[in-house]
Amino acid sequence: MNPLSILFATSEMAPWVKTGGLGDVAAALPAALQAAGHDIRVLIPAYPALLRAFPEAQVIATIPALTPALPTARLLAAESAGLPILLLDCPELYERSGNPYLDAQGHDWPDNGLRFGLLSRVAALLGQASSPLDWRPDVVHTNDWQTALAPAWLHYEGGAASVVTVHNIAFQGCFEKTLLTDLGLPETAWRFDGVEYHDQLSFLKAGLQLASQISTVSPTYAREIQDELFGYALAPLLQHRSDDLRGILNGVDTDIWNPATDPALAQGYAANRLAAKRTNKAALQREMGLEEATDRPLFGVISRLTEQKGLDLLLTIADGIPHLPAQLALLGSGDKLMEAGFAALAKRFPGQVAVRLGFDEGLAHRIEAGADCFLMPSRFEPCGLNQMYSLRYGTPPLIRATGGLADTVIDVTEATLADKTANGFVLPDTTPHGLWQTMERVCQTWQDKKLWQRIQQNGMRCDFSWKHAAREYIALYRDAIAAQH
Ligand code: ADP
Ligand code: GLC
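Quick notes on the rules
Residues numbered from 1 in each chain as written. Chains lettered and ligands numbered in written order. Predicted model: local features only at pLDDT ≥ 70, side-chain atom pairs only at ≥ 80, totals over all residues. Heavy atoms only, no water. Helix = DSSP H or I, 4+ residues; strand = E, 2+ residues; numbered from the N terminus. Rg over C-alpha atoms; globule rule 2.2 N^0.38 Å. Buried < 20%, exposed > 50% of the residue type's maximum accessible area, 1.4 Å probe, protein only. Contact = heavy atoms within 4.5 Å. Areas by Shrake-Rupley, 256 points an atom, 1.4 Å probe, with all protein chains shown as cover. Lys, Arg positive; Asp, Glu negative; His and termini not counted. Charge placed at Lys NZ, Arg CZ, Asp CG, Glu CD. Near = heavy atom within 4 Å. Polar contact = N/O pair within 3.5 Å; in protein donor to acceptor, adjacent residues only side chain to side chain. Disulfide = S-S within 2.5 Å. Domains from an automatic or database assignment. Buried area = accessible area lost by both parts, 1.4 Å probe. Salt bridge = Lys/Arg side-chain N within 4 Å of Asp/Glu carboxyl O.

Draft legend 1. Broad picture of the overall build of the chain. Helix and strand counts for the chain come out as 21 helices and 18 strands. Computed over its C-alpha atoms, the radius of gyration of the chain comes to 23 Å, within 12% of the 23 Å expected for a compact globule of 485 residues. Per-residue burial over the chain gives 60% buried out of 485 residues. Looking at the chain alone, contacts between residues at least 24 apart form 70% of all its contacts between residues at least 6 apart. Just so you have it, the chain exposes about 18900 Å², and 52% of that area is on carbon and sulfur atoms. For the chain, the distance from the average site of its 39 positive side-chain charges to the average site of its 53 negative ones is 6 Å.

Draft legend 2. Structural detail: the site of ligand 1. Residues in close proximity to ligand 1 total 21 residues, the closest being Gly21, Asp24, Arg304, Lys309 and Gly358. Lys18 places a polar side-chain atom, nitrogen or oxygen, 2.9 Å from an oxygen atom of ligand 1. Measuring from a nitrogen atom of ligand 1, one finds a backbone N or O atom of Asp360 at 3.0 Å. Within the complex, the protein chains bury 94% of what would otherwise be the 560 Å² of accessible surface of ligand 1.

Draft legend 3. Main features of the state of the cysteines. Going through the model one piece at a time under the given rule, you end up with 0 disulfides. Cysteine Cys383 is unpaired, with the sulfur of Cys462 as its nearest cysteine sulfur at 13 Å. On the basis of relative accessible area, Cys383 is assigned to the buried category, the value being 2%.

Draft legend 4. Representation of the domain arrangement of the chain in the model. The domain boundaries assigned to the chain delineate domain 1 (5-251 + 466-484) and domain 2 (274-460). Between the C-alpha centres of domain 1 and domain 2 there is a distance of 33 Å. Residue-level contacts link 19 residues of domain 1 with 18 residues of domain 2. Buried area between domain 1 and domain 2, both sides added, is near 1400 Å², and the carbon and sulfur share of it is 60%. Considering only the surface of domain 1 that becomes buried against domain 2, Lys18, Thr220 and Leu249 emerge as the three largest contributors, covering 28% of it. Viewed at the interface, domain 2 and domain 1 are joined by 1 salt bridge. Here Lys18 makes a salt bridge to Glu361, at a shortest N to O gap of 3.5 Å.

Quick look at the structure:
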């Protein structure tokens, strides 16, 4: 079949700008699609980190002010390991350091509607006849609310087929109606089956309503978001579009997340060389100021600290951890109350609980390698990458069966041990008590070294490479293109 031209529009891309899993996906999926023979370009704002990373980027087009509210912008062409990247350069909107969405106080930038409105507008423009580039994509692939408005222009004005991928339906990008004119959307788009959503302009709703095809990042989440509990008020729309909605499980970058070659680790290891994992545990204990105990499991957490991740459950029972007995190493940032709660916990239990508040890629790798069990009691989890990293690193995850966690982690039972699929621990419910009981179960299982090793090896054998997902995305793009005609 003929190769496709794809524009992949994103608001973050690892390693330069990453607040969560979208950054990892935006780095790995385009590369996997390119490796499969397709012509793909990534569009991303020229944040300072990207301008620093690509000082040789060439200006290839100027985009005049598309409305009185929008500044002029430029497109710069860069390349990372052969992957073409289009940087949307507009210093007024994007030249701000730190988190791409929040100011230094942790508040949304007040002009996020314009910032990601321009990104969406340009993503659409590149798929239209009026594009300033000669290159024209067959499909514009948008990701989360920040680019999900692009399908609106492609729908109302014509152009390439469009796809919206939901990485997290909890963030919907809702703004006042005035943004409609500021961004140059037609007044006719202000309809319940257009971009209007409870009297606001919702970027995500617009994409879900108007994109040619919709995907989300795991089969279970694709089902869950059609339920009001997970999909919020967007569930009815998703039910309505269920024929155009599919779940494609994320992969992991198996070069970056490879315990045998990971340069961040004290010592490399593999499924048949698991003894070296102990060196990493000792190194992590030293690095984080934990006692170098070998008689108790070390639980690891790497997370945004938000209600989504269920770590408030952990805080509720955390005083019991040293008595299990077990240790805890946590790296995270987010909710200030949760940050304070975990910082206080570490103070109460020096040597047994260590907490680092902030974002630290290297330490994230060392926790994956050094911990015995990875905690991810998420209330909802569209896909989740950390449980897959944990499985690869021989660090069985403890999860709640939701979204992509349910699609990747298989509870240890007699049956799953027998068929060699058991790779982690599943919570019975979303209560502190359920978490406590499951942590106790982990501690007991961990004492049986042979059994533990079988569970580790089952997880390490799982194949989460991007190859499968790339094939499914190509099928999705072809369906989106077919829906256009
Ligand atoms: P989400 O995107 O909802 O935050 P995922 O599990 O999909 O959850 O992806 C989170 C990604 O961000 C992982 O690569 C994880 O290692 C990383 N991450 C999260 N918090 C931190 C942190 N404080 N320091 C380093 N990496 C982090
Ligand atoms: C979101 C989700 C996470 C998912 C990631 C990448 O941030 O919360 O579950 O893995 O996007 O798709």
